[in-house]
Amino acid sequence: MRLHPEFITSAASVAQFPPEEAPEVAFLGRSNVGKSSLINAALGQKIAHVSSTPGRTRTINFIALRSKPESVRPDLVLADLPGYGYAKLSREISAEWPKFIEPYLAEREALRLCVCLIDANVPAQQSDHQLIAWLQSQDRDLLLVATKSDRLSSNQLNKALASLRREHNVGRILPCSVKTKLGIAELWREIFRVTTGGLA
Ligand SMILES: Nc1nc2c(ncn2[C@@H]2O[C@H](COP(=O)(O)OP(=O)(O)OP(=O)(O)O)[C@@H](O)[C@H]2O)c(=O)[nH]1
Ligand SMILES: [Mg+2]
């Protein structure tokens, strides 16, 4: 199915969130982990902003997806969230988190799936662990994705995934790469699996 993406809005407060018209999927992870890149790779279009400067995404950026471009309501909405864990920005991000990011994750009824990105090349991080545990405490559906898998040999990748699964105490982590497109089809299968009903 071809989905037509359209940027909706950038929100920096709860008041700026768009109406809840379709199931939503949030992309979360530390600064520079590859959230915006994965969204673009999944859509086959450069719609989310990618930068080599960590912490570039400072707002929740909403993208509407429609199976028919003329539809008024979207069929699905993707949310690109600000990154966390980057030292230079951590104070500002921690100030923003309770203001609108935590309310989004705790209260947004349309939110069906939190795609949590972790870097396959980096050992388990406390900040990721805290977020994953907090989302679990909120009963959110999670999908853990290991990004930048192209930088590792298959042997290194298997070892890294085993260690990350153990450290984060999760049964499954989906390896992805925007370079080789590894994991992208599986990511869509997961998104459709949890959002069925919202897609005609
Ligand atoms: N090799 C490789 N590089 C990647 C991959 N995904 C992202 N990158 C690179 O990682 C950097 C950060 O990517 P972004 O998509 O901007 O990361 P982000 O998580 O959106 O970052 P913030 O918005 O700052 O939180 C860019 O230089 C990307 O080109 C991947 O699968 N493989
Ligand atoms: Mg980004």
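Description of the structure in this document.

Quick notes on the overall build of the protein
Broken down by element type, the protein carries 5 helices and 7 strands. Seen in sequence order, the protein has helices and strands lined up from the N terminus as β-β-α-β-β-α-β-α-β-α-β-α. Its C-alpha radius of gyration of 16 Å places the protein within 12% of the 16 Å reference for a compact globule of 200 residues. Oriented by its inertia axes, the alpha-carbon framework of the protein measures out at about 45 × 40 × 30 Å. The burial tally for the protein puts 50% of its 200 residues in the buried class. Within the protein, contacts between residues separated by at least 24 positions form 74% of all contacts whose residues are at least 6 apart in sequence.

A closer look at the packing of helix α1 (residues 35–43) against helix α5 (residues 184–195)
When two helices pack together, their arrangement is captured by the angle between the axes and the distance separating the axes. At a closest axis distance of 10 Å, the pairing of α1 and α5 adopts a crossing angle of 90°. With respect to α5, the axis of α1 lies roughly perpendicular. The residues of α5 that touch α1, namely those facing L38, A41, A42 and L43, are I184, L187 and W188. By residue class, the composition of the contact of α1 with α5 is 7 nonpolar, no polar and no charged.

What to know about the packing of aromatic side chains
The geometry of an aromatic ring pair comes down to the distance between the two centres and the angle between the two planes. For the coordinates displayed, the defined rule picks out 5 aromatic pairs. Note on W188 and F192: the rings are 5.4 Å apart at their centroids and 20° apart in plane angle, and the pair reads as stacked. Within this pair, W188 and its partner F192 are both found in helix α5, separated by 4 residues, close to a single helical turn. The class for F192 is partly exposed, based on a relative accessible area of 24%. In this structure an aromatic cluster arises from ring pairing among F17, F62 and Y104.

Topic: the sheet that holds strand β5 (residues 111–119)
The 7 strands lie next to each other as β1-β3-β4-β2-β5-β6-β7, forming an open sheet whose pairing is mixed. Strands at the two margins of the open sheet, each flanked by one partner only, are β1 (4–11) and β7 (173–175). Going across the sheet, the axis of each strand differs from the next one's by a mean of 25°, ignoring polarity. Pairing of strand β2 (residues 24–29) with β5 involves 6 bridges; the strand directions are parallel. Bridge pairing in β5 links A26 to C114. Together, β5, β6 (142–147) and β7 form the strand contacts of helix α4 (residues 154–168), whose direction differs from that of β7 by roughly 155°.

Criteria and cut-off values
- Residues numbered from 1 in each chain as written.
- Chains lettered and ligands numbered in written order.
- Predicted model: local features only at pLDDT ≥ 70, side-chain atom pairs only at ≥ 80, totals over all residues.
- Heavy atoms only, no water.
- Helix = DSSP H or I, 4+ residues; strand = E, 2+ residues; numbered from the N terminus.
- Rg over C-alpha atoms; globule rule 2.2 N^0.38 Å.
- Buried < 20%, exposed > 50% of the residue type's maximum accessible area, 1.4 Å probe, protein only.
- Contact = heavy atoms within 4.5 Å.
- Axes fitted to C-alpha atoms, helices over the stretch in contact; angles between N-to-C directions.
- Parallel < 35°, antiparallel > 145°, perpendicular 65-115°, else oblique.
- Nonpolar A, V, L, I, M, F, W, Y, C, P; charged D, E, K, R; others polar.
- Phe/Tyr/Trp six-rings, centres within 6.5 Å; stacked < 30°, edge-to-face > 60°.
- Pairing = 2+ DSSP bridges.

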